[in-house]
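Structural description and commentary
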Amino acid sequence: MNFIKKQEEYIKKVLLENQYSIENVLLVPSSRPDLGEYQFNGMMALAKKKGENPSEAAQKIANILSKNEDYESVSVAGPGFINITFHNSALLKEAEHLLTKESLIEPLPKKKVVIDYGGPNVAKILHVGHLRSANIGESLKRLARKLGYEVIGDIHLGDYGLQMGLVMLEIQTRYPHISCFQENFTGEAVNDLPITNEDLLEIYPIASGKSKTDPEFLEQARAITYQFQHDHKGYKALWRSIMNISLNDMKEVYQKLNVEFDLWKGESDAEAFIPEMLEYLRKENMTILSEGAEIIEVKEPTDKLEIPPLLLIKSNQTVSYETTDLATLWDRTHHIHPDEIWYVADKRQELHFTQVFRAAYKTQIIPKTTKLEFIGFGTMNGLDGRPFKTRDGGVMSLRGLMNEVEKATEEKIIPSITGEERKKVSEVIAVGTLKFADLLSHRATDYIFDLDKFSDAYGKTGPFILYSTVRMRSLLKKAEAENMTFNFLELKDKTDKKVLLQILNLQKVLESSLQDKSLHEIADYLYSLNNCYNNFYGENRILTEENSNLKKTWIALTKLVYEINLFLLDILAIEVPTRM
Ligand code: ARG
């Protein structure tokens, strides 16, 4: 068992033996390192429950705890905080164990989870908002897998709604003579479509603009959306061709960001399940006809805000974003049978998911035992505190942003790295910079993307962690070249011990990060761990240390921190450059 958890179990045992309840026994890194290394803050509440004096009760328990061989000292501070300082030998033993066992962490009970993330819209530009969904979703997927879950990542493309009708109408206006718009068209794809991805990205904003000023254009786009949703040969083929063009480009961007989906399904894949779902809902009398539309009521008596009904079929007989999500749930529950489904989307979509989740449970499309979770994220803003824009005020594309970050990182790489390697290295550091910055704040908060700050080699930044990792790697290479052996044998002073204390917290950080579905704790932890290591590194000469026990320990320590860095960077989907 993980060292800290083992200590918590031990404290629980002591508490039980002394007739205390044991709901909340947590051992956390001390907020007052001068008083102890870890602290247990629960004693006050437990004592109050029994009507005892908290500080006396804490002292009584501390006296018992101090007999534990793993503890160098146990003391009580303030009204009843119990501070524990560990014996070096206990930490060394634990570190040696971590270094030699197969995995750095222990798995949680198995679960099957679908993560719905990325969610880009076909034929629309990938913008920075999609960056967050991709980064957070990818890392949650990797984290959950490391902790033993079976996870299926699904991109859930936006490929079915009015946006597709708008793009198709604009194409039809420009190229009325191409094959798919002719009467007798029967092909699967449009071979004479004169359009590239750049054209598509330019077409959508134009079409969307027209729809806002020209009601007839909007009406026509709606009609096309209806036809394409009802198997019109020409529009279906055009849709397929647009998908092809758009997906090729998206795949490239996601690959650069180390984002890998298991399923490339989309809203349109729900189409196949809509008829059976509707049949079921109607048979069970769960839909209501209302002004030409068909809806499901989802409000509840306890609602403080008005939750509007879910619009299943619009009055123009097209289906909504809610319908495709509901039918996707139908698909997932019938064919994947997950224990949980997580949706990583902009927090402004919360109402949408409230409607979908409520409708899904109410209609029993999914069983009560399947947990649906909305994982909302905040906005990435520019220095002015407003959504990130290009210099001339346009929407910043993901590619545009990546190029800017690459430029900034390239300037900071040492001149001796040249040619192809320089290009690759700046690309890797740029992605690391972007991702680390994006995962650093709690996912639900908005944050300001300050390129200068986030590309700095000092501070809570990707480059800082990467630099620290690269330096450890080269130290370990030197040690290896000289056949130096390593073991955890002895500690010198506070700075090496502090690194070990950080290491002990790994398992809990991962579990809490998964619990909260936010990566900020992992990013923070990486920073503290590397910061502690840096302090230690600055004070000692590892490879030339004369005390061989210390030297062996320090190499082992470097090795362990290096392994943890690789492990956590892999969760954050950040690569380590060859040099920096
Ligand atoms: N395509 C949507 C958008 O860009 C996000 C999709 C989120 N996932 C879902 N199952 N609705 O806003």
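So, a few notes on the structure that sits alongside this text. Keep in mind it's a predicted model, so treat the numbers as computed, not measured. (Residues numbered from 1 in each chain as written. Predicted model: local features only at pLDDT ≥ 70, side-chain atom pairs only at ≥ 80, totals over all residues. Heavy atoms only, no water.)

Some points on the pairing of strand β8 (residues 293-296)
How we decide: Relative accessibility under 20% of the residue-type maximum defines a buried residue, over 50% an exposed one, and the middle range a partly exposed one, all with a 1.4 Å probe and only protein chains included. Think of it this way: any DSSP run of H or I at least four residues long counts as a helix, any run of E at least two long counts as a strand, and we number them from the N terminus. Being paired, for any two strands, means DSSP has found at least two bridges between them.
A two-sided burial pattern is seen for β8, the buried positions comprising A293 and I295 on one face and E294 and I296 on the other. Linkage of strand β7 (residues 288-290) to β8, two consecutive antiparallel strands, is achieved through a turn of two residues, within which E291 is found at a positive phi near 50°. Pairing of β8 with strand β9 (residues 310-313) involves three bridges; the strand directions are antiparallel. Across the sheet, I295 pairs through a bridge with L311, a residue of β9.

Topic: the sheet that holds strand β11 (residues 371-377)
Rules: Only the contacting stretch of a helix is used when fitting its axis, a line to C-alpha atoms as for every element, and angles between N-to-C directions run 0 to 180 degrees. Any two residues having at least one pair of non-hydrogen atoms within 4.5 Å are treated as being in contact.
With parallel pairing, four strands are arranged side by side in an open sheet as β6-β5-β10-β11. Among the strands making up the open sheet, the edge pair consists of β6 (150-154) and β11. Across the sheet, the axes of successive neighbouring strands diverge by a mean angle of 20°, strand direction being ignored. Here strand β10 (residues 340-346) runs beside β11; their pairing, made up of seven bridges, is parallel. Looking at β11, one finds that V344 is bridged to I375. The strands that helix α11 (residues 321-335) touches are β5 (112-116), β6, β10 and β11; relative to β10, the one it contacts most, it runs at about 150°.

Focus: helix α14 (residues 419-440)
Quick reminder: α-helices carry 3.6 residues per turn. Residues three or four places apart thus point the same way. Put simply, the test is: Given a helix with a known number of residues, its expected span is that number minus one, times 1.5 Å.
Relative to the 32 Å expected for 22 residues at 1.5 Å per residue, α14 spans 32 Å between its end C-alpha atoms, a close match to the ideal helical length. Taking burial as the measure, the 22 residues of α14 include 17 buried ones, the bulk of the element.

A word on the side chain of N197
Looking at where N197 falls in the secondary structure, it is placed in helix α7 (residues 197-213). The residues touching N197, leaving out its near neighbours within four places in the chain, are I245, S246 and D249.

Description of the pattern of salt bridges
For the record, the criterion: What makes a salt bridge here is a side-chain nitrogen of Lys or Arg within 4 Å of a carboxyl oxygen of Asp or Glu, nothing more.
The final tally for this structure, using the stated rule, is 40 salt bridges. R282 is the salt-bridge partner of E294, the closest N and O atoms lying 2.7 Å from each other. Pair noted here: E294 is in strand β8 and R282 is in helix α10 (residues 274-283), with a separation of twelve residues, a long-range link. Since its relative accessible area comes to 7%, E294 is described here as buried. Across the pair R358 and E300 runs a salt bridge whose closest N-O atoms are separated by 3.6 Å. Of this pair, R358 sits in helix α12 (residues 350-362) while E300 sits in the loop between β8 and β9; the two residues are 58 residues apart in sequence, bridging distant segments of the chain. Owing to a relative accessible area of 19%, R358 belongs among the buried residues under this scheme. Residue E300 is classed as partly exposed on the basis of its relative accessible area of 39%.

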